[in-house]
Amino acid sequence: MSMSGYAYGVSLGLMAGLAFAAPAQAENITVFAAASLKTALDQIAVDWNADADDKVVVSYAGSSALAKQIQQAAPADIFISASVEWMDLLQEQDLIRADSRTDLLGNSLVMIGYQAGNSDAVLDRDFDLSGRLGGGKLAMAFVDSVPAGVYGKQALTSLGLWDKVQDVVAQADNVRAALALVAIGEAPLGIVYATDAIAEPRVGIIGTLPAESHDPIIYPAALTTDSDNSDAISFLDYLHSDAATAVFEGQGFSVIARND
């Protein structure tokens, strides 16, 4: 072999050796999370990513849409739902790891108004919802699938108000989309989580829907069965940390104590 050929062979060998020795890149931790978590979870992800090699990437949508994506084998490591029903369904289908499941947060449901001042109106059977709408729309997430919409329909039905307004409900893909309809003045009123109202300065809280008028609002979180990222459990644990708790509580969520 000529010297030039020998040098070329050595060079290829060194390159192959360097490629073999290069450390593996950290994997992203993909989180599918209910849209109502966006403000808080964005901050938590920033805090985590500042110190971690394995970066958190969050995809937000209605819990129902995210659950259906997981059913269709979308690549997610962690699912955080705004209702126990969608998590129950995935658990029944062995699509989440039951041993990792934890109840993370609680929330409340409020009626909001476009550029309204915060008030504490009594939302009961005597509340003149139709009159307050003034011929406009009531913005809600999908009332038959998205948790915020399901809870809202339950509450209005319990209060005897649903039949009066069901024909003027503007349904949106998720609760943040319903929030946006009110924030831009497309709908005078809407029903969202209290945490959504806190995150949007263009709306005010008209009143809180009675807790007994709808199912308890609980956010369960779990690892997906298909996740092969060994670091995902660390982020799931981090969601219960003091740092994450401070962010969640700052956005108006109630944090559920973890039972280990």
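Since the structure is predicted, the reported quantities are computational estimates derived from the model, not experimental observations.

What counts, and at which threshold
Residues numbered from 1 in each chain as written. Predicted model: local features only at pLDDT ≥ 70, side-chain atom pairs only at ≥ 80, totals over all residues. Heavy atoms only, no water. Helix = DSSP H or I, 4+ residues; strand = E, 2+ residues; numbered from the N terminus. Buried < 20%, exposed > 50% of the residue type's maximum accessible area, 1.4 Å probe, protein only. Contact = heavy atoms within 4.5 Å. Pairing = 2+ DSSP bridges. Axes fitted to C-alpha atoms, helices over the stretch in contact; angles between N-to-C directions. Core = buried A, V, L, I, M, F, W, Y, C linked by side-chain atoms within 4.5 Å. Phe/Tyr/Trp six-rings, centres within 6.5 Å; stacked < 30°, edge-to-face > 60°.

## Let's talk about the overall build of the chain
A tally of regular secondary structure across the chain gives 11 helices and 11 strands. Burial analysis of the chain (260 residues in total) assigns 47% to the buried set. Sequence separation of 24 or more characterises 78% of the internal contacts of the chain that already satisfy a separation of 6 or more.

## Digging into the environment of I206
With respect to the helices, strands and loops of the structure, I206 is situated in strand β9 (residues 203–208). Taking the C-alpha atoms as reference points, I206 and Y114, 92 residues apart in sequence, are found 9.8 Å from one another. Those residues in contact with I206 that sit more than four places away from it in its chain are M111, I112, G113, A116, S119, D120, A121, F127, R132 and L189.

## Points about the environment of Q154
Inspection of the secondary structure puts Q154 in helix α6 (residues 147–158). When the C-alpha positions of Q154 and V143 are compared, they lie 8.9 Å apart, and in sequence the two are 11 residues distant. Q154 has contacts with S213, H214 and D215, leaving out every residue within four places of it along the chain.

## Side note on the sheet that holds strand β3 (residues 78–80)
Read across the sheet, six strands follow the order β2-β1-β3-β10-β4-β11 without closing on themselves; strand pairing throughout is mixed. With one partner strand each, in any of the chains shown, β2 (56–61) and β11 (254–255) form the two edges of the open sheet. Pairing analysis gives two bridges linking strand β4 (residues 102–106) to β11, with the strands arranged antiparallel. Bridge pairing in β11 links G106 to S254. Sheet strands in contact with helix α2 (residues 38–51) are β1 (29–34), β2 and β3, and its direction is about 170 degrees off that of β2.

## A closer look at the nonpolar core
In terms of nonpolar packing, the biggest core is built from 71 residues, with V31, L37, L41, I80, L138, F235 and F248 touching the most fellow members. What V31 contacts, discounting residues up to four positions off in sequence, is L41, V56, V57, V58, S59, I78, I80 and F235. Among the nonpolar cores identified, the runner-up in size contains 13 residues, and F32, A61, L95 and I96 belong to it.

## Examining the pairing of β9
Along β9, five of the six residues are buried, which leaves the element largely enclosed by surrounding structure. Relative to β9, strand β5 (residues 109–114) is paired through five bridges, and the arrangement is antiparallel. Counted as the bridge partner of Y114 is V203 from β9.

## Details of the packing of aromatic side chains
Within a pair of aromatic rings, the relevant descriptors are the distance that separates the centres and the angle that separates the planes. Going through the model one piece at a time under the given rule, you end up with seven aromatic pairs. Residues F235 and Y238 carry aromatic rings whose centres are separated by 6.2 Å and whose planes lie at 25 degrees to one another, so their mutual orientation is stacked. In this pair, F235 and Y238 both sit in helix α10 (residues 232–238), three residues apart, roughly one turn of the helix. A single burial state applies to F235 and to Y238, both of which are buried. One aromatic cluster is present, formed by Y151, Y193, Y219, F248 and F253 through successive ring pairs.

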